[in-house]
Amino acid sequence: MLSDLDLYQFDLNGYVILRGALGLDEVAELERQLDAIPPINPNKWFGHVHRENLPEERGVSLQQIYEAGPAFEKLIDHPAYFEHLKAFIGNQDDFDSHHGPIYIDECFGLIRGPGGFIGMHSGGFKRTKRTQFRYHNHEFHCGQVNVFIPLTDIGPGDGATLVVPGSHKSNLPYPRKNPQSTPSDQIDKPTSPEPTVEVHLKRGDVLMFVDAIRHGGAKRTNPGLRKVVIYRFGPSWGNSRHGYLPSKALLERLTPQQRKIVQPQTYRLPPSLTPDELMAGLKMTAPEGFR
Ligand SMILES: O=C(O)CCC(=O)C(=O)O
């Protein structure tokens, strides 16, 4: 249930934690379906799930995870956060929502072991339009809102998500350079000089944050794996971050509302178009092109 406090905190901090939003049985089922995916090499597919080619410390990212089973399909419009998404992305009754309420531009399962992390990135001062935070005319208009679902408890040493509260509105980068930061701005707790907060979560909690907030993932120092699921939502005129297409089987299984979120656009084609011409019109890339 969307509360005034959720709206206030999301505006103020750039993130909100929905405690106990999912049932533990739902989380267990997500973990079971994730674990059922056999090991995949980078840039390879298992069915319609694709493993990204990430630097090793970022872990194993299994893209198009909504193809991995019914528990993941439910996350497309889960009632625990669906109203939050519509409020944070905004524009529910005008030209911006012409193709539907919202769109998933990326969804993946992410598994990280000891030593894994992702450096701090993003921040309001970067001003990217895709990830922007905006509040205008009594409405949010966010470009990308992330739904972060832990499948394991995440506490100290587990590689928690790091956020700089309020940084989705920042105009300047943090001024003190970290001597240990690499050119690609990779820094990690506890050496990060930025005023980060570690977001500790229990199974069943859901973290929602606007991608414009400065964020990263602390280095995991504990043994074992951190397993999470991340769905990124934006306006229905967005497009897939990596160019993935949902499978026909998935689209057929989904409810009309879910189908619109996975594939908002419907295409108008002239009757004379042959299947060959249609395929030629789609720009295709070899899987190796992905990053
Ligand atoms: O892995 C994490 O905790 C942070 C995730 C992240 O950086 C992102 O979703 O952009």
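This structure is a prediction, so every number in the text was calculated from the model and none was measured.

Here's the deal with unusual backbone geometry
Now for step 1: Residues other than glycine seldom take positive phi values, yet Asn43 does so here, at roughly 70 degrees.
Now for step 2: Since its relative accessible area comes to 9%, Asn43 is described here as buried.
Now for step 3: At Arg127, a position not held by glycine, the phi torsion is positive, near 55 degrees.
Now for step 4: Within the secondary structure, Arg127 is located in the loop between strand S6 (118–121) and strand S7 (135–136).
Now for step 5: Classification of Arg127 by relative accessible area gives exposed; the value is 51%.

Some words on the site of the ligand
Now for step 1: Around the ligand, 14 residues are found, and the nearest of them are His121, Thr161, His215, Arg226 and Arg232.
Now for step 2: Considered on its own, the ligand offers 290 Å² of accessible surface; in the complex 96% of this is hidden by protein.
Now for step 3: Taken together, the elements giving at least two residues each to the shell around the ligand come down to strand S5 (103–112), S6, strand S13 (215–217) and strand S14 (226–234).
Now for step 4: Residue composition of the shell around the ligand, by class: five nonpolar, five polar and four charged.

Concerning the environment of Gln63
Now for step 1: With respect to the element layout, Gln63 can be found in strand S4 (residues 60–63).
Now for step 2: Here Gln63 falls in the buried class, since its relative accessible area comes to 0%.
Now for step 3: Look past the residues within four positions of Gln63 in its chain and what remains in contact with it is His48, Val49, His50, Glu52, Glu106, Cys107, Phe108, His242 and Tyr244.
Now for step 4: Side-chain polar atoms of Gln63 contact the side chain of Glu106, separated by 2.7 Å.

Some thoughts on the packing of helix H1 (residues 4–13) against helix H4 (residues 82–89)
Now for step 1: Two elements in contact, H1 and H4, have axes whose closest approach is 11 Å; the angle formed by their N-to-C orientations is 45 degrees. One element, H1, and the other, H4, form an angle in the oblique class. For the crossing formed where H1 meets H4, the hand is right-handed. Residue-level inspection shows Asp6, Leu7 and Phe10 of H1 in contact with H4, the latter providing His84, Ala87 and Phe88.

Re the confidence of the model for the protein
Now for step 1: Summarising the model, the protein shows a mean pLDDT of 91, and 92% of its residues fall at 70 or more.
Now for step 2: Across residues 182–190, confidence stays below pLDDT 50; counting only partners more than four residues off in sequence or on other chains, it has 23 contacts.

Structural notes on a nonpolar patch on the surface
Now for step 1: A surface patch of nonpolar side chains, amounting to about 430 Å² of accessible area, comprises Leu245, Met279, Leu282 and Met284.
Now for step 2: Turning to its location among the elements, Met284 is positioned in the segment after helix H7 (275–281).

Quick notes on the pairing of strand S12 (residues 206–210)
Now for step 1: Across the five residues that make up S12, a large majority, five, are buried.
Now for step 2: Here S12 shows a buried face lined by Val206, Met208 and Val210 and a second buried face lined by Leu207 and Phe209.
Now for step 3: Judged from the four bridges that link them, strand S1 (residues 15–18) and S12 form a sheet pairing that is antiparallel. Bridging from a neighbouring strand, Val16 pairs with Met208 of S12.

Observations concerning the environment of Asn146
Now for step 1: Relative to the helices and strands, Asn146 is located in strand S9 (residues 145–150).
Now for step 2: By relative accessible area, Asn146 is classed as buried at 0%.
Now for step 3: Taking the C-alpha atoms as reference, Asn146 lies 8.8 Å from Gly234; in sequence the two are 88 residues apart.
Now for step 4: Not counting residues within four places of it along the chain, the set of residues in contact with Asn146 comprises Leu207, Met208, Phe209, Asp211, Tyr231 and Arg232.
Now for step 5: Within the structure, the side chain of Asn146 is placed 2.8 Å from the side chain of Asp211, a separation counted as a polar contact.
Now for step 6: Within the local environment of Asn146, its side chain forms a polar contact with the side chain of Arg232, the two groups lying 3.1 Å apart.

Reading the values: rules and limits
- Residues numbered from 1 in each chain as written.
- Predicted model: local features only at pLDDT ≥ 70, side-chain atom pairs only at ≥ 80, totals over all residues.
- Heavy atoms only, no water.
- Buried < 20%, exposed > 50% of the residue type's maximum accessible area, 1.4 Å probe, protein only.
- Helix = DSSP H or I, 4+ residues; strand = E, 2+ residues; numbered from the N terminus.
- Near = heavy atom within 4 Å.
- Areas by Shrake-Rupley, 256 points an atom, 1.4 Å probe, with all protein chains shown as cover.
- Nonpolar A, V, L, I, M, F, W, Y, C, P; charged D, E, K, R; others polar.
- Contact = heavy atoms within 4.5 Å.
- Polar contact = N/O pair within 3.5 Å; in protein donor to acceptor, adjacent residues only side chain to side chain.
- Axes fitted to C-alpha atoms, helices over the stretch in contact; angles between N-to-C directions.
- Parallel < 35°, antiparallel > 145°, perpendicular 65-115°, else oblique.
- Left-handed = near helix turned anticlockwise from the far one by under 90°.
- pLDDT = per-residue confidence, 0-100.
- Patch = residues over 30% accessible without salt bridge, like charges linked within 9 Å, V, L, I, M, F, W, Y side chains within 5 Å.
- Salt bridge = Lys/Arg side-chain N within 4 Å of Asp/Glu carboxyl O.
- Pairing = 2+ DSSP bridges.

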